[in-house]
Amino acid sequence: MINVAILGYGTVGSGVFKIINENNSHISRRAGDDVKVKYVLDLRDFPGDPVEDILVHDVDIIMNDETVDVVVEVMGGVEPAYTFVKRALEAGKSACTSNKELVAKHGVELLQIARDNNVNFFFEASVGGGIPIIRPLIECLTVDHIEEIQGIMNGTTNYILTKMEDEGADFDTVLKDAQDKGYAERNPEADIEGYDACRKIAILTSLAYEKQVDFEDIYTEGITKITTADFDYMKKIGASIKLLGMARKDDGVTYSMVAPFVVYNDNPLYNVKDVFNAILVKGDMLGEVMFYGKGAGSLPTASAVVSDVVDAVKRQGYTEKIFWNDTKRILGTVDAFTTPYFVRVGLGGEDAASVKAAVESHFGNVEYIDGVKSDEVAFITKVMSGSEYDKAAEGLNVVSRIRVSK
Ligand code: HSE
């Protein structure tokens, strides 16, 4: 018998409880032992709920119970999740989490504690919700050098950008609609400013390139400056705008960033719409592979968490080797990151021909996008570094600039 304790009976925790009960014989067969939820920890009471009899308010009951084999942490936030997971691992229990803040901040340390105690710390659901991406990275794509990862890893912002694109509605209107539908939080900052995606790309960059990437070092730009006019240009060139988490190795330098990118329709990420997530990985041998699905929500996220529980049971007695060491990775700066840029320059009373002449004297040859707005000149630059772009843009009336996915 494998006893599981679930820390947090919210959206994901209730999904974990439901899945372990509803698919119990299947899960137990795959795990090789009967899997049962022994405790659910929450501050709240749930009278009449199926967890009523196994609900506890005191975490010590779980930590001191030697028959608890696996702790599932689905509370979110760094504390008390960190303290609880650390205690569980030190008590010889494996831990599985969906908590990207916890993994981005303390993942490498918790992996070491798991090793020291001969147990496992798994976190498949922390990136891309129900989409398998952590296990593919650590177990399947082990042969390749990862050249690049591009991911749509935040459903809220992808929903907002899709609505702006499809319905021509402005950012504030779509955000309010998303909040009314429950797709965006009342305080949407973590999503729209890119902080959520930043934690996720920090985890993927650490795993892909094996050293610790501190999320605080990752250049992060959200979607608040994107306008419907930007999308008008995109329609003209067969492209879209997506908030991407991006990790790349270029000339031996590792880059990791979050920013809106122009994505052309020949990139598989172009068709990822609404709340869906997708992560495109480019390996030097494999080429491109894309992982697509639901990046949030109770059952999809819980499905990934419970698959970690099964893996933890299958690996009882040894710690799986995960290549993520605590040496800090110094990232390449955004000034050195090379990419083409989509740029809109206001005419400011001048005629288009003279503004184009100025653009060419600053940027050299560019690809113009004509016929969208009569009071602007818009174009795509050649590939250039961030500092080259800043220098070239000086003195021009730039209305908007968005990086272009290569
Ligand atoms: N707010 C997040 C999203 C939830 O929209 O993707 C999953 O991390």
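Higher on the page you've got the structure.
Keep in mind it's a predicted model, so treat the numbers as computed, not measured.

In this section: the nonpolar core. The biggest cluster of nonpolar side chains holds 103 residues, and the ones touching the most others in it are Phe 121, Ile 149, Leu 204 and Phe 342. The element that contributes the greatest number of residues to this core is helix H10 (residues 195-209), accounting for nine residues. Discounting residues that sit within four places of it in the chain, Phe 342 has contacts with Asp 230, Tyr 233, Met 234, Val 262, Ile 369, Ala 378, Phe 379, Ile 380, Ser 400, Arg 401, Ile 402 and Val 404. Ranked by size, the runner-up nonpolar core spans 15 residues in total, among them Val 355, Val 359, Tyr 389 and Ala 392.

A few words now on the layout of surface pockets. If you roll a probe as big as a water molecule over the atoms, it shows you where there is empty space left. Considered as a void within the structure, the largest pocket measures approximately 1100 Å³ in volume. Counting only elements with at least two residues in the lining of the largest pocket, the list comes to helix H1 (11-22), helix H5 (100-116), helix H7 (155-167), helix H9 (189-192) and H10. Considering each element in turn, the lining of the largest pocket owes the most residues, four residues, to H10. For the lining of the largest pocket, the residue count by class is 10 nonpolar, 18 polar and eight charged.

For Ala 352, the position within the fold is in helix H13 (residues 352-363). Taking the C-alpha atoms as reference, Ala 352 lies 8.1 Å from Asp 375; in sequence the two are 23 residues apart. When residues no more than four places from it in sequence are discounted, the contact partners of Ala 352 are Leu 347 and Val 377.

This paragraph deals with the sheet that holds strand S2 (residues 35-41). In spatial order, the strands read S3-S2-S1-S4-S5-S6; together these six strands make up an open sheet with parallel pairing. Strands at the two margins of the open sheet, each flanked by one partner only, are strand S3 (55-56) and strand S6 (121-122). Across four bridges, the pairing between strand S4 (residues 68-73) and strand S5 (residues 94-97) is parallel. Across the sheet, Val 70 pairs through a bridge with Ser 94, a residue of S5.

Evaluation of the coordinates by the stated rule reveals one cavity of 30 Å³ or more. As a volume, the largest cavity reaches approximately 50 Å³. Contributing to the lining of the largest cavity are Phe 121, Phe 122, Phe 123, Glu 124, Ile 134, Arg 135, Ile 138, Asp 308 and Ile 322. At the level of secondary structure, the elements contributing two or more residues to the lining of the largest cavity comprise S6 and helix H6 (134-140). Tallying contributions element by element places H6 first for the lining of the largest cavity, with three residues. A per-class count over the lining of the largest cavity returns six nonpolar, no polar and three charged.

With the rule as written, the count across this model stands at 13 aromatic pairs. Look at Tyr 159 and Tyr 183: their rings are 4.7 Å apart centre to centre, the planes differ by 65°, and that puts the pair in the edge-to-face class. Residue Tyr 159 is found in helix H7, and its partner Tyr 183 is found in the loop between helix H8 (171-180) and H9; the two are separated by 24 residues along the sequence. Assessed through its relative accessible area of 4%, Tyr 159 is described here as buried. Judged by centre distance (4.3 Å) and plane angle (20°), the rings of Tyr 341 and Tyr 389 are stacked. Within this pair, whereas Tyr 341 is found in strand S16 (residues 341-346), its partner Tyr 389 is found in helix H14 (residues 386-393), the two being separated by 48 residues in sequence. For the residue pair Tyr 341 and Tyr 389, the accessibility class agrees, reading buried in each case. Three or more aromatic residues link up through ring pairs in this structure, and these residues are Tyr 341, Phe 363, Tyr 368, Phe 379 and Tyr 389. Taking NZ or CZ as reference, Lys 321 lies 4.9 Å from the ring centre of Phe 323, over its face. In this arrangement the basic side chain of Lys 356 is found over the ring face of Tyr 368, its NZ or CZ atom lying 4.4 Å from the centre.

About the criteria used
- Residues numbered from 1 in each chain as written.
- Predicted model: local features only at pLDDT ≥ 70, side-chain atom pairs only at ≥ 80, totals over all residues.
- Heavy atoms only, no water.
- Core = buried A, V, L, I, M, F, W, Y, C linked by side-chain atoms within 4.5 Å.
- Buried < 20%, exposed > 50% of the residue type's maximum accessible area, 1.4 Å probe, protein only.
- Helix = DSSP H or I, 4+ residues; strand = E, 2+ residues; numbered from the N terminus.
- Contact = heavy atoms within 4.5 Å.
- 1 Å grid on protein atoms, 1.4 Å probe; cavity = no way out; pocket = protein on both sides within 12 Å on 5 of 7 lines; lining within 4 Å.
- Points joined across faces, edges and corners; volume = space filled by probe spheres on them.
- Nonpolar A, V, L, I, M, F, W, Y, C, P; charged D, E, K, R; others polar.
- Pairing = 2+ DSSP bridges.
- Phe/Tyr/Trp six-rings, centres within 6.5 Å; stacked < 30°, edge-to-face > 60°.
- Lys NZ or Arg CZ within 6 Å of the ring centre and 35° of its normal.

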